[in-house]
Amino acid sequence: MTQDEGRRTVVGRGSRRVAQVCAAAVTALLITSCGTADDPKAAAASSAPASASPSASPTASSAPIKPGEVRIGGEVDKPYTITLADLRKLPQVEASVAFISAKGDQQHTYQGVLLHEVLKAAQPRFDQSKKNGQLRGVVAATGGGDYRAVFAWAELDPGFAKSQILLAVSEDGTAFEDSAGPRLVVPQDTRGGRYVSELNQLWVGTVDPVVDGAH
């Protein structure tokens, strides 16, 4: 095996079934966080399909982010916040990866949740009147020290890419501390720049305002 081949990602057990179960579990977490007691509308939503999951609190996006929390927002219909503890309750995918970092060659095995499923639960507002409107989508991931990396939606959408970008909850069998939050794992990358640590925010949007407003 050549050196380049050795750096290629070996992605572990991810499947359509895992994605389906994960989507249902994320919806269940949203329902739980919003509460259904003494609220007929919420109670009805709890028995509705995943596509009808209830909205997060409208003030959630302005509240301070607590250590270990990840806020999902932007151009979405259902912004919400998720924690490392929440992620551990969801179906896990394993990925063995190899990449180059500032510390040299790295090889690790991560366990976590598919990023696509976590973001899909927020219901991004892509323009469906446009052909493949989701291909205009972008995701900005922010971590500790205001570190930020950007992804095209197509990189994480299984309808377009084979990669399985994760919100990792553990590395080589060692769980991350709750206060540190998850780590973004990007199996297809040969360098670790987009492995965002202490992840605290995921913003979903489109390039249209920037491109259409450019001069």
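Novice: When you look at the overall build of the chain in this model, what are you seeing that I'm missing?
Specialist: Looking only at helices and strands, the chain has 7 helices and 11 strands in total. Residue burial in the chain is summarised as follows: out of 215 residues, 43% are buried. Long-range contacts, defined here as pairs at least 24 residues apart, represent 63% of the contacts in the chain between residues at least 6 apart. Carbon and sulfur atoms make up 52% of the accessible area of the chain, which totals about 11500 Å².

Novice: Can you help me understand the environment of glycine 193 in this one?
Specialist: Take glycine 193: it is sitting in the loop between strand 10 (183-185) and strand 11 (201-206). A relative accessible area of 38% means that glycine 193 is categorised as partly exposed. Along the primary structure glycine 193 and phenylalanine 99 are separated by 94 residues, whereas in three dimensions their C-alpha atoms are 9.4 Å apart.

Novice: Honestly, unusual backbone geometry in this entry has me stumped. Any pointers?
Specialist: A negative phi angle is the norm for most residues apart from glycine, just as the trans form is the norm for most peptide bonds. Residue glutamine 123 is not a glycine yet carries a positive backbone phi of 55°. Note that glutamine 123 resides in the loop between helix 5 (115-120) and strand 6 (137-142). Given a relative accessible area of 22%, glutamine 123 falls into the partly exposed group. Phi angles above zero are rare outside glycine, and glutamate 198 is one such case at about 50°. Here glutamate 198 shows up in the loop between strand 10 and strand 11. Glutamate 198 sits in the partly exposed class, given a relative accessible area of 48%.

Novice: What should I look at first to understand the nonpolar core in this one?
Specialist: Buried together is how nonpolar side chains tend to be arranged in soluble globular proteins. Ranked by size, the top nonpolar core spans 41 residues in total, and within it Ile72, Leu87, Leu119, Leu184 and Leu202 carry the most contacts. In this view, leucine 184 contacts Leu115, Ala141, Phe151, Ile165, Leu166, Leu167, Arg194, Tyr195, Val196 and Leu199; residues no more than four positions away in its chain are not counted.

Novice: Mind showing me how you'd approach a nonpolar patch on the surface here?
Specialist: A grouping of Val207, Val210 and Val211 is seen on the molecular surface, where their side chains present a nonpolar patch of about 250 Å² in accessible area. Along the chain, valine 210 turns up in helix 7 (residues 208-213). A residue is classified by how much of its surface remains accessible, and valine 210, at 62% relative accessible area, is exposed.

The rules behind these values
Just so you know, the residues in each chain are numbered from 1, in the order the chain's sequence is written. Only residues with pLDDT of at least 70 get local features here, since the model is predicted, and only at 80 or more are side-chain atom pairs given and counted; chain-wide, interface and lining totals rely on the full set of residues. With hydrogens and water set aside, each side-chain value is computed from the structure's full complement of heavy atoms. Secondary structure follows DSSP: runs of H or I at least 4 residues long count as helices, runs of E at least 2 residues long count as strands, and numbering of each begins at the N terminus. Burial status follows relative accessibility: with a 1.4 Å probe on protein chains alone, a residue under 20% of its type maximum counts as buried, one over 50% as exposed, and anything between as partly exposed. Contact between two residues is taken to exist if any of their heavy atoms lie within 4.5 Å; hydrogens are not considered. Only the protein chains shown count as cover for residues, with accessible areas throughout obtained via the Shrake-Rupley method and a probe of 1.4 Å. Here, the term nonpolar core denotes a set of buried Ala, Val, Leu, Ile, Met, Phe, Trp, Tyr and Cys residues that are joined through side-chain atoms within 4.5 Å. Patch membership needs two things, relative accessible area over 30% and no salt bridge, and members are linked within 9 Å if like-charged or within 5 Å if nonpolar (Val, Leu, Ile, Met, Phe, Trp, Tyr). Salt bridges are defined by distance alone: a side-chain nitrogen of Lys or Arg within 4 Å of a carboxyl oxygen of Asp or Glu.

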